[in-house]
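Results of the structural survey
As a plain string of letters, each chain reads:
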Amino acid sequence: MSSQQPSALEASFSRRTLSITAVAWAVSACGGGTDSSGATTVPRITSQPADISGSVGGSATFGVIVESSEPVTYQWLRDGVAIAGARSAQYTLPSVSEADSGSSFAVLVGNSAGQVESRKARLSVLPNVDTGNIALATGLLAALGPDQWFVASSKSGDVFVWERDSSRLVRYDGAGNKVPFAGSLQSFAHERRDVWLPSIGVLEHSDGNLYVSFAYLKRESPVSFNLRGDGGHVYRITADGTVSVVYSSDFASTKISPYKLIEGPGSQLYTVHVNTVALYKLTTAGTLTKVQDLAVKPIVEQPVSELRYAPYISLVVTQDLTVYVSFNDGIGNFDLRLDAGGSATTISYGPKAAKRLAAVGNTVYAYTDNAAGIPIVVRRTADGKTDVITGGSLPPRPGQAQFDIHVSLGPLPRWIPPFTQTFSAAPGGRILMGGNHEVSNGYRIPYYLLTPPPVV
């Protein structure tokens, strides 16, 4: 009786930075394999196929070592089904995807005396990690608790934070020290206490003032999770801390719930009314004018049963004063580009409308979903070219290896948290995303900084 021991075959799983190597043994066996009477016996497996863990995009090789006194036949099985052409001592899956995770691979080994099946080796596919352009935020952003929500970054690098417990906006410098909000004003609070939560915007205007918007969101009933805008305010805060009201739905003839603020053409303020998804412009003197309706059917006219919590509404402006606005509520969706004259053109970031937008220079970044419903980040340059720069992988399941990588380790895997609430331009041309708040399955999503790769 004889056996052969070939060299190890390395199955490398890699995509830029994650490389997990699995070793599988293989042999084209001959010789030995008889009982004490000299009769031929079925092959004996001396080394079973091993479980393998790796990441998307690489190859996976499973192998077996046997002893036999006669030539051996092989037939590899995937989840109990024969794999066409897989008839050697090793089988290689050439390109691993998320769909392969959890699959089992075994081999039937036979000779003239019969055949035997190996153990079922399991393939685990871990999320890819891209150390080149995404990393966990550090410093202040890493220290924020679940009741402290990022609102905006200032041009100087300061961070505006909403402290939910005290219902106040506060300001931190780059070193993480709480500093005056403006002048002698230490913090800023909204005036409503009967709303479920406010949607808040902070804008540093070219006139040197801060403009703060509150859109008050209210549940339709005590047992409903459907949210509607219930009015709002826009305030001006001067460099010395003086506060004045630019717009108030309490007194205005046109009542809107202003979702965020941007400085658009003519240095005017632009906002979106949550309930009708209409674009408005607001002069710094307080004159409100509708630019145009954006939705085919205002969401206030949709049946309550069709609404899914609060809709995603995004509004950004690029350096050349082009306005981009997106709406996504799971039913009605659009992505629009508005030129300086207010003319709207339909654009696309992919198969689904954007949920969040951020602008860096004249480039727009969209947090959206691919056709499979998996979150991605899409870049759209000034010439209209779009490309997916990260995301597109399924998150690991609870109990699966490295499920908590996003909580305690960095950098971010190629999968993007589906509960991302913050998506904003940050100093240095980066994108801040994530959100350190509680979500439905009990874990928190920290903040990440995405450094976009160079435009090809």
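Residues numbered from 1 in each chain as written. Predicted model: local features only at pLDDT ≥ 70, side-chain atom pairs only at ≥ 80, totals over all residues. Heavy atoms only, no water.

**Observations concerning the overall build of the chain**
Put simply, the rule reads: Secondary structure elements are taken from DSSP: a helix is a run of H or I of four residues or more, a strand is a run of E of two residues or more, and numbering for both begins at the N terminus. Residue exposure (1.4 Å probe, protein chains only): buried if accessible area is under 20% of the type maximum, exposed if over 50%, otherwise partly exposed. Residue contacts are counted whenever heavy atoms from the two residues lie within 4.5 Å of one another. Note on areas: these come from Shrake-Rupley sampling with a 1.4 Å probe, and a residue is covered only by the protein chains present in the view.
The number of helices and strands found in the chain is two helices and 37 strands. In the chain, buried positions account for 52% of the 456 residues. Sequence separation of 24 or more characterises 51% of the internal contacts of the chain that already satisfy a separation of 6 or more. Here the chain displays about 19,800 Å² of accessible surface, and carbon together with sulfur accounts for 51% of that area.

**Some remarks on the sheet that holds strand S28 (residues 323-328)**
In plain terms, the rule: In this scheme, strands are said to pair when DSSP sees at least two bridges between them. The axes are straight lines fitted to the C-alpha atoms, using for helices just the contacting stretch, and the angles between their N-to-C directions are given from 0 to 180°.
The four strands lie next to each other as S27-S28-S29-S30, forming an open sheet whose pairing is antiparallel. Whereas interior strands pair on both sides, the edge strands pair on one side only; in this sheet they are strand S27 (312-317) and strand S30 (344-346). Between one strand axis and the next, the sheet turns through 20° on average, direction left out of account. With six bridges connecting them, S28 and strand S29 (residues 333-338) associate as antiparallel partners. Looking at S29, one finds that Val 325 is bridged to Leu 336.

**Some thoughts on the layout of surface pockets**
The condition is simple: In this analysis, the protein atoms alone were mapped onto a 1 Å grid. Cavities are point sets where a 1.4 Å probe fits without being able to get out; pockets are open sets with protein on both sides within 12 Å along at least five of seven lines; lining residues have an atom within 4 Å of a point. Grid points are joined across faces, edges and corners, and a volume is the space filled by probe spheres set on the points.
Considering only enclosed or pocket space, the second largest pocket measures out at about 280 Å³ in volume. In terms of lining, the second largest pocket is formed by 18 residues, of which the most central are Leu 141, Gly 157, Val 159, Arg 430 and Leu 449. Mapped by element, the contributors of at least two residues to the lining of the second largest pocket are helix H1 (140-143), strand S14 (148-153) and strand S36 (430-434).

**Some thoughts on the pattern of salt bridges**
Our working rule: We define a salt bridge as a side-chain nitrogen of Lys or Arg found within 4 Å of a carboxyl oxygen belonging to Asp or Glu.
One pass over the structure, following the stated rule, counts ten salt bridges. For Glu 117, the salt bridge goes to Lys 120, with nearest N and O atoms at 3.4 Å. Residue Glu 117 is classed as partly exposed on the basis of its relative accessible area, which comes to 35%.

**A word on the packing of aromatic side chains**
We apply this condition: Centre distance within 6.5 Å is the pairing criterion for rings of Phe, Tyr and Trp, where only the six-membered ring of Trp is used; planes under 30 degrees apart are then read as stacked, over 60 as edge-to-face, and the remainder as tilted.
Inspection of the entire model under this criterion finds twelve aromatic pairs. Between the aromatic rings of Trp 162 and Phe 214, the centroid separation amounts to 6.2 Å while the plane-to-plane angle is 65°, which identifies the pairing as edge-to-face. Taken together, the positions of Trp 162 in strand S15 (residues 159-163) and Phe 214 in strand S20 (residues 210-219) put the pair 52 residues apart, joining distant regions of the chain. With respect to burial, Trp 162 and Phe 214 carry one shared label: buried. Ring centres of Tyr 367 and Phe 423 lie 6.1 Å apart, and the angle between their planes is 35°; on these two criteria the pair is classed as tilted.

**Details of the confidence of the model for the chain**
Selection rule: Known as pLDDT, the predictor's confidence for each residue is given on a scale from 0 to 100.
Of all residues in the chain, 76% attain a pLDDT of 70 or more, and the chain-wide mean is 78. The model gives residues 1-32 a pLDDT under 50, and that stretch makes 105 contacts with residues more than four places away or in other chains.

**Some points on the sheet that holds strand S33 (residues 375-380)**
Read from one edge of the open sheet, four strands run S31-S32-S33-S34, paired in antiparallel fashion. Bordering the open sheet on either side are strand S31 (356-360) and strand S34 (386-391), each of which pairs with just one other strand. Here the strands of the sheet are splayed against their neighbours by 25° on average, with no regard to which way each runs. In this sheet, S33 lies alongside strand S32 (residues 363-369) in antiparallel orientation, the contact comprising six bridges. Paired with Tyr 367 across the strands is Val 377, a residue of S33.

**Focus on unusual backbone geometry**
The phi dihedral of Lys 260 is positive, around 65°, even though this residue is not glycine. Located in the positive-phi region is Val 277, a residue other than glycine, with phi close to 55°.

**Notes on the nonpolar core**
Heads up, the rule is: Put simply, buried Ala, Val, Leu, Ile, Met, Phe, Trp, Tyr and Cys residues joined by side-chain atoms within 4.5 Å make one nonpolar core.
Ranked by internal contacts, the top residues of the largest apolar core, which has 21 residues, are Phe 62, Tyr 74, Trp 76 and Leu 123. Elements with a contribution of two residues or more to this core: strand S5 (60-63), strand S7 (73-78), strand S9 (90-93), strand S10 (104-111) and strand S12 (121-126). Among the nonpolar cores identified, the runner-up in size contains 20 residues, and Ala 215, Ile 262, Ala 295 and Val 323 belong to it.

**Observations concerning the environment of Trp 76**
Counted only if it meets this: Two N or O atoms count as a polar contact when they lie within 3.5 Å, although within protein this holds only if one can serve as hydrogen donor and the other as acceptor, and sequence-adjacent residues are included solely when both atoms are side-chain atoms.
Structurally, Trp 76 is set in strand S7. On the basis of relative accessibility, which here comes to 0%, the residue Trp 76 falls in the buried class. Counting along the chain gives 29 residues from Trp 76 to Phe 105, while the straight-line C-alpha distance between them is 7.0 Å. Of the polar contacts made by the side chain of Trp 76, one reaches the backbone oxygen of Ser 88; its length is 2.8 Å.

**Side note on the pairing of S28**
In terms of burial, S28 is largely enclosed, as six of its six residues are buried. Here S28 shows a buried face lined by Val 323, Val 325 and Phe 327 and a second buried face lined by Tyr 324, Ser 326 and Asn 328. Of the pairings in the sheet, the one linking S27 to S28 comprises six bridges and is antiparallel in character. Paired with Ser 314 across the two strands is Ser 326, which belongs to S28.

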